[in-house]
Amino acid sequence: MLLPAFLIHVWNSIDADAKCGLDGTMKIKFVLSGYVTLLSFTFVCSVFPADKKSAIEQALRDLDAQWSAAAGAKDLEKTVAFYSEDAIVLPTNAPAATTKEAIRNTWKDLLASPGLAISWKTTKVEVAKSGDIAYTTGTYELTMNDASGKPVPDHGKYVEVWKKQADGKWKVAADIWNSDLPLPSPEKK
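Rules used throughout
- Residues numbered from 1 in each chain as written.
- Predicted model: local features only at pLDDT ≥ 70, side-chain atom pairs only at ≥ 80, totals over all residues.
- Heavy atoms only, no water.
- Patch = residues over 30% accessible without salt bridge, like charges linked within 9 Å, V, L, I, M, F, W, Y side chains within 5 Å.
- Areas by Shrake-Rupley, 256 points an atom, 1.4 Å probe, with all protein chains shown as cover.
- Salt bridge = Lys/Arg side-chain N within 4 Å of Asp/Glu carboxyl O.
- Buried < 20%, exposed > 50% of the residue type's maximum accessible area, 1.4 Å probe, protein only.
- Pairing = 2+ DSSP bridges.
- Helix = DSSP H or I, 4+ residues; strand = E, 2+ residues; numbered from the N terminus.
- Axes fitted to C-alpha atoms, helices over the stretch in contact; angles between N-to-C directions.

A. The arrangement of a nonpolar patch on the surface in detail. Residues Leu 90, Tyr 135, Val 159 and Ile 176 make up a contiguous nonpolar surface patch of roughly 270 Å² in combined accessible area. Under the relative-accessibility criterion, Tyr 135 is labelled partly exposed at 32%.

Below you can see the structure in the form of structure tokens.
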């Protein structure tokens, strides 16, 4: 409602303030060109965040791929470096890891598993409007040997919550994964 009132005010004051003697047609062209210019700025401003969002999404996909490669190479230091200082890790069939030391130990045990092969791939990235928090979801593949040395494959899904840190880098603040495989049947007595 403010825009029509503003346009009427501009229309009435063009000659009074500017003393340019514009006729009705010129006033219409003048007011409409101003309106189109303002509308153009609105459109340009709304496109920029979409481009920024797309860049963040791609950056997080790239970071997640680097993280998967580090874990696949069994590089403990690179793997845990993707977590923020206040991260929480919620591994399958294990307690939550809420300290850097607990997170390191979780990954140390996993990466030391005999026959381990691990990788994951992002399938979705969702970035908050604020641009400082996002989550990724995806699937993982994992194989490790059982007690007899036989390879046991697993696959499942994960959710990672990424937060932009004060230095501008993205780090994982929360990480959870779980298997798609059914639980084993209880033994009959």
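B. Just the sheet that holds strand β1 (residues 83-90), in detail. Ordered by their spatial adjacency, five strands build an open sheet running β1-β5-β4-β3-β2, and the pairing between neighbours is mixed. Looking at which strands have only one partner, the edges of the open sheet turn out to be β1 and β2 (117-127). Averaged over all adjacent pairs, the angle separating strand axes in this sheet is 20°, with direction ignored. Across ten bridges, the pairing between β2 and strand β3 (residues 133-145) is antiparallel. Across the sheet, the residue bridging to Glu 126 is Tyr 135, located in β3.

C. Main features of the pattern of salt bridges. Overall, the coordinates contain four salt bridges when judged by the stated rule. Taking the shortest distance from any N to any O, the salt bridge between Glu 126 and Lys 53 comes out at 4.0 Å. Of the two residues, Glu 126 is situated in strand β2 and Lys 53 in helix α2 (residues 24-72); the sequence distance between them amounts to 73 residues. What makes Glu 126 partly exposed here is its relative accessible area of 31%. A salt bridge links Glu 77 to Arg 104; its shortest N-O distance comes to 2.8 Å. Here Glu 77 is found in helix α3 (residues 76-80), whereas its partner Arg 104 is found in helix α4 (residues 100-111), with 27 residues between them in sequence. Overall, the relative accessible area of 47% leaves Glu 77 in the partly exposed class.

D. Examining unusual backbone geometry more closely. A positive phi angle, near 60°, is found at Lys 74, a position not held by glycine. At Asn 93, a position not held by glycine, the phi torsion is positive, near 55°. As for its position among the elements, Asn 93 is in the loop between β1 and α4.

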